[in-house]
Amino acid sequence: MEKSCNNSACNKESCEGCQHAAADFREKPHDLSQIKRVIGVVSGKGGVGKSLVTSLLAVTMNRLGYRTAILDADITGPSIPKAFGITKRATANEQGLLPVSSKNGVEIMSLNLLLENETDPVVWRGPVIGGTVKQFWTDVIWSDIDYMFIDMPPGTGDVPLTVFQSIAVDGIVVVTSPQELVSMIVEKAVKMAQMMNIPILGLVENLSYFTCPDNGKNYAVFGDSHIDAIAQAHNLPVLARLPIDPAIAAACDKGEIESLPADWFDKAAELLKELPESQK
């Protein structure tokens, strides 16, 4: 049955496809799940390090004593299990799907944990992908989670829209890199979140600089950063600037992301600790 939009600024007769009625379509998590806060990690395009930021945010909060989880919504390009060195498959019981825990206790659900072979391609259309993301929310038994981070696919298409409309997201972190083209595309993600009334917690710039091991100086390999201008234009904080560091890539390749210091996210952690708990 269609619901009418109760937003006075909207003249739609039906809330179908209406941004003001996003809450009407929210799904409840599994009855046995307990999730206090949900943070989406988004970007306007691929290749800027969104999965890296998602993983390091989870690692940071886990080290502070919080129970953390990652819902890998990047269905066609899942990389989270690889970064954490997880090779075993997810299991299920009569009640639902069970996430896989990392070495340090980060709960993870990703399509790669369900595939027979992690290199098998996922050749699915948008509605099927969106349905899978919702199942990761409704059918997975997440234990007592303080912070769930959702690794979104790039762009502003089907899956981000599905997440924003179906899951009670408490806020998003937008990931960018210094190139001016990327910065322009990131503004699209910022504006989409504003259209959907999703709070934007702040920006993270990846590949921000390279520290020369010989002289200790920082160099802007990809040119001058534009993140401060974007942050100022939208009145947002810059939560972190990640360096170009071979140690980061090596840790991800070896499945040892939990061994990285991750102190880049101290400012982000302070902001996340201030987020109120909400009943999902």
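For the structure itself, look to the data block above.
Definitions and limits used
- Residues numbered from 1 in each chain as written.
- Predicted model: local features only at pLDDT ≥ 70, side-chain atom pairs only at ≥ 80, totals over all residues.
- Heavy atoms only, no water.
- Core = buried A, V, L, I, M, F, W, Y, C linked by side-chain atoms within 4.5 Å.
- Buried < 20%, exposed > 50% of the residue type's maximum accessible area, 1.4 Å probe, protein only.
- Contact = heavy atoms within 4.5 Å.
- Helix = DSSP H or I, 4+ residues; strand = E, 2+ residues; numbered from the N terminus.
- Axes fitted to C-alpha atoms, helices over the stretch in contact; angles between N-to-C directions.
- Left-handed = near helix turned anticlockwise from the far one by under 90°.
- Polar contact = N/O pair within 3.5 Å; in protein donor to acceptor, adjacent residues only side chain to side chain.
- Phe/Tyr/Trp six-rings, centres within 6.5 Å; stacked < 30°, edge-to-face > 60°.
- Salt bridge = Lys/Arg side-chain N within 4 Å of Asp/Glu carboxyl O.

Visitor: Mind showing me how you'd approach the nonpolar core here?
Guide: The tendency in soluble globular proteins is for nonpolar side chains to be buried side by side. Of all hydrophobic cores here, the largest spans 82 residues; its most connected members are Phe 84, Met 148 and Phe 265. When sequence neighbours within four positions are dropped, the list of residues in contact with Met 148 reads Ile 35, Arg 37, Val 38, Ile 39, Ala 69, Leu 71, Trp 137 and Trp 142.

Visitor: Any chance you could explain the environment of Leu 97 here in plain terms?
Guide: Of note, Leu 97 is situated in strand 5 (residues 97–98). Sequence spacing of Leu 97 and Val 140 is 43 residues, and the spatial spacing of their C-alpha atoms is 4.5 Å. For Leu 97, the residues in contact, after removing those within four places along its chain, are Thr 91, Ala 92, Met 109, Leu 114, Asp 139, Val 140 and Ile 141.

Visitor: What's the story with the packing of helix 3 (residues 126–138) against helix 4 (residues 158–166) in this structure? I'm lost.
Guide: Packed helices, taken two at a time, are described by the angle their axes make and the gap between the axes. Where helix 3 contacts helix 4, the two axes come as close as 9 Å, and the packing angle between them is 35°. In this structure, helix 3 crosses over helix 4, and the sense of that crossing is right-handed. Contacts between helix 3 and helix 4 pair Gly 126, Ile 129, Gly 130, Val 133, Lys 134 and Trp 137 from the former with Asp 158, Val 159, Thr 162, Val 163 and Ser 166 from the latter.

Visitor: So what exactly am I meant to see when it comes to the environment of Thr 68 here?
Guide: For Thr 68, the location among the structural elements is in strand 3 (residues 68–72). You can call Thr 68 buried: its relative accessible area is 0%. With 37 residues separating them along the chain, Thr 68 and Gly 105 place their C-alpha atoms 7.8 Å apart. Thr 68 has contacts with Ala 58, Met 61, Asn 62, Gly 105, Val 106, Glu 107, Ile 145 and Tyr 147, leaving out every residue within four places of it along the chain. A polar atom in the side chain of Thr 68 sits 3.3 Å from the backbone oxygen of Ala 58.

Visitor: I keep staring at the packing of aromatic side chains and nothing clicks. Help me out?
Guide: Working definition: an aromatic ring pair is given by the centre-to-centre distance plus the angle between the planes. Inspection of every chain in the model, using the stated rule, returns two aromatic pairs. Geometrically, the ring pair formed by Tyr 66 and Tyr 147 is edge-to-face, given 5.2 Å between the ring centres and 90° between the ring planes. Of this pair, Tyr 66 sits in the loop between helix 1 (50–63) and strand 3 while Tyr 147 is found in strand 9 (residues 147–151), placing the two residues 81 residues apart along the sequence. Here Tyr 66 falls in the partly exposed class, since its relative accessible area comes to 23%. Here the aromatic rings of Tyr 147 and Phe 149 are separated by 6.5 Å at their centres, their planes lie at 15°, and the arrangement is stacked. There is no split in this pair, since Tyr 147 and Phe 149 are both buried.

Visitor: Just to check I follow, could you spell out the pattern of salt bridges for this structure?
Guide: Side chains that differ in charge, positive against negative, can pair when their charged atoms come close. According to the stated counting rule, one finds nine salt bridges in the structure shown. The residue Lys 134 makes a salt bridge to Glu 27 at a minimum N-O spacing of 4.0 Å. A residue pair is termed long-range when its members are at least 10 positions apart, and Lys 134 in helix 3 and Glu 27 in the segment before strand 1 (34–35) qualify at 107 residues. By relative accessible area, Lys 134 is classed as partly exposed at 29%. Ionic pairing is found between Lys 36 and Asp 144, a salt bridge with its closest N-O pair at 3.9 Å. In this pair, Lys 36 is assigned in the loop between strand 1 and strand 2 (38–42) and Asp 144 in strand 8 (residues 144–145), connecting sequence segments 108 residues apart. One network of salt bridges, with partners in common, ties together Lys 36, Asp 144 and Asp 146.

From the geometry alone we can't say anything about function, so treat these as descriptive.
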